[in-house]
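Summary of structural features
Here are the chains, one letter per residue:
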Amino acid sequence: MLRRMPPSTSPRVCFVIPTYNEAANITPLLERLTTLHAGGDTAIVVVDDHSPDGTGRLVRDFAAADSRVHLLEGPKRGLGHAYVRGMRHALDALGAETIVQMDADFSHDPADARRLIDRLGAGADVAIGSRYVPGGGIDHRWSLRRRLLSGWGNQLTRWVTGLRQVRDCTAGFKAISADALRAADIDSITARGQAFQVVLLHRLTRSGARVVEEPIFFRERDRGRTKLGWRDIVECLLVIWQLRLVDLLRPRG
Ligand SMILES: Nc1nc2c(ncn2[C@@H]2O[C@H](COP(=O)(O)OP(=O)(O)OP(=O)(O)O)[C@@H](O)[C@H]2O)c(=O)[nH]1
Ligand SMILES: [Mg+2]
């Protein structure tokens, strides 16, 4: 039974969750998040690109009974675009202090969000839920191909972009302070797929954000299908060299 919560004008924490065909996951995820973060100072923005499987309708039903949940719908223009829309909404329309980005497929454990948020309370501007720091890990069900792609992809990204201090540059689970996110000028990010994560991290770092990593265990999704494809990989390869160029051309003060 869902409880109707009083509307909160300015949430302290806003979760931004992009979805495409996550009908099997979204209701359990919203139930879990609203239970774990039971206060009225939390908002959840789901950005759905008119998923054909009816994800949007499920979110609308949930939001009708819980005013902390918001649905943004739009045309399918990729993960990056969905994140920009959701984060903009969290910053401007809701006035959130902390934005937590996460996947809808339970690869990111909703319970881990608390540790990320607490790191911001302890002085960080960005807390990454990291698979590649001691204590972090990846589900044994991940195929060798996914492991190699992610592991080598991260090493290459760190080496090419100069983000050497970060172990998990492609992570999609982060808590970010509103001030740091504003300084990152997200509206001008054009990366469509998973490359968005690398560009966002690069922007945050270059605008002076203090970035920390918190170990998380990344679960393989049990329900629904991955949207990660070859396009994402090719875009990531192009984007990391673009970022290198941006740094080379940047005037040094
Ligand atoms: N709105 C929107 N959400 C998307 C789009 N592509 C992916 N997503 C969502 O973004 C999140 C991450 O996508 P996944 O397919 O899980 O990608 P991944 O986590 O790298 O891959 P897996 O390990 O296979 O799950 C999920 O919540 C997806 O539903 C998109 O084009 N638009
Ligand atoms: Mg996933």
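Just above sits the structure.
Residues numbered from 1 in each chain as written. Chains lettered and ligands numbered in written order. Predicted model: local features only at pLDDT ≥ 70, side-chain atom pairs only at ≥ 80, totals over all residues.

A word on the overall build of the protein chain. When helices and strands are counted, the protein chain shows eight helices and nine strands. What you see for the protein chain is a C-alpha radius of gyration of 17 Å, in line with the 18 Å of a compact globule of 253 residues. The principal-axis extent of the C-alpha atoms belonging to the protein chain is close to 55 × 40 × 35 Å. Of all 253 residues assigned to the protein chain, the portion counted as buried reaches 45%. A separation threshold of at least 6 residues defines the contact pool for the protein chain, and within that pool the share at least 24 residues apart is 81%. (Helix = DSSP H or I, 4+ residues; strand = E, 2+ residues; numbered from the N terminus. Rg over C-alpha atoms; globule rule 2.2 N^0.38 Å. Buried ≥ 20, exposed ≤ 12 C-beta atoms within 10 Å, placed from the backbone. Contact = placed C-beta atoms within 7 Å.)

With that settled, consider the site of ligand 1. Residues in contact with ligand 1 amount to 20 residues; listed here are only the nearest, Pro18, Ala82, Ala104, Thr226 and Lys227. Among the secondary structure elements, those contributing two or more residues to the shell around ligand 1 are β1 (13–19), β2 (42–48) and α3 (79–93). Here the shell around ligand 1 is composed, by residue class, of seven nonpolar, five polar and eight charged. (Near = placed C-beta within 6 Å. Nonpolar A, V, L, I, M, F, W, Y, C, P; charged D, E, K, R; others polar.)

Helix length check: helix α8 (residues 230–249), at 20 residues, gives a terminal C-alpha distance of 29 Å against a target of 28 Å (1.5 Å per residue), a fit within 8%. Those residues of α8 not exposed but buried are Asp232, Glu235, Cys236, Val239, Ile240 and Leu243. When α8 is viewed along its axis, its buried side chains cluster within an angular range of 140° and face the same direction. For α8, the exposed residues lying more than 90 degrees away from the buried face are Trp230, Val234, Leu238, Trp241, Leu245, Leu248 and Leu249. Check the buried side of α8 and you find it contacts α5 (144–161) and α7 (195–206). (Expected span 1.5 Å × (residues − 1). Arc of directions from axis to C-beta.)

It is worth spelling out the pairing of strand β5 (residues 126–130) at this point. Taking burial as the measure, the five residues of β5 include five buried ones, the bulk of the element. Burial along β5 is two-sided: the residues Val126, Ile128 and Ser130 and Ala127 and Gly129 are all buried. In this sheet, strand β7 (residues 174–177) lies alongside β5 in antiparallel orientation, the contact comprising three bridges. Its bridge partner being in β7, Ile128 is matched across the sheet by Lys174. With five bridges joining them, β5 and strand β8 (residues 211–215) adopt parallel strand pairing. Within β8, the residue paired with Ile128 across the bridge is Glu213. (Pairing = 2+ DSSP bridges.)

What follows is about the environment of Pro215. Secondary-structure assignment places Pro215 in strand β8. Assessed through the 18 C-beta atoms surrounding it within 10 Å, Pro215 is described here as partly exposed. Taking the C-alpha atoms as reference, Pro215 lies 5.4 Å from Gly135; in sequence the two are 80 residues apart. Among residues more than four places away in sequence, those in contact with Pro215 are Ser130, Val133, Pro134, Gly135 and Gly136.

Turning to helix α2 (residues 55–65), a few remarks are in order. Residues Thr55, Gly56, Leu58, Val59 and Phe62 constitute the buried set of α2. The buried residues of α2 occupy one face: seen down the axis, they fall within an arc of 160°. Contacts made by the buried residues of α2 are with β1, α1 (23–36), β2 and β3 (69–73).

With mixed pairing, seven strands are arranged side by side in an open sheet as β3-β2-β1-β4-β7-β5-β8. In this open sheet, the two edge strands, each paired with only one partner strand, are β3 and β8. Strand after strand, the sheet turns through a mean of 20° between neighbouring axes, direction not considered. Along the sheet face, α2 touches β1, β2 and β3 and points at about 150° away from the line of β3. (Axes fitted to C-alpha atoms, helices over the stretch in contact; angles between N-to-C directions.)

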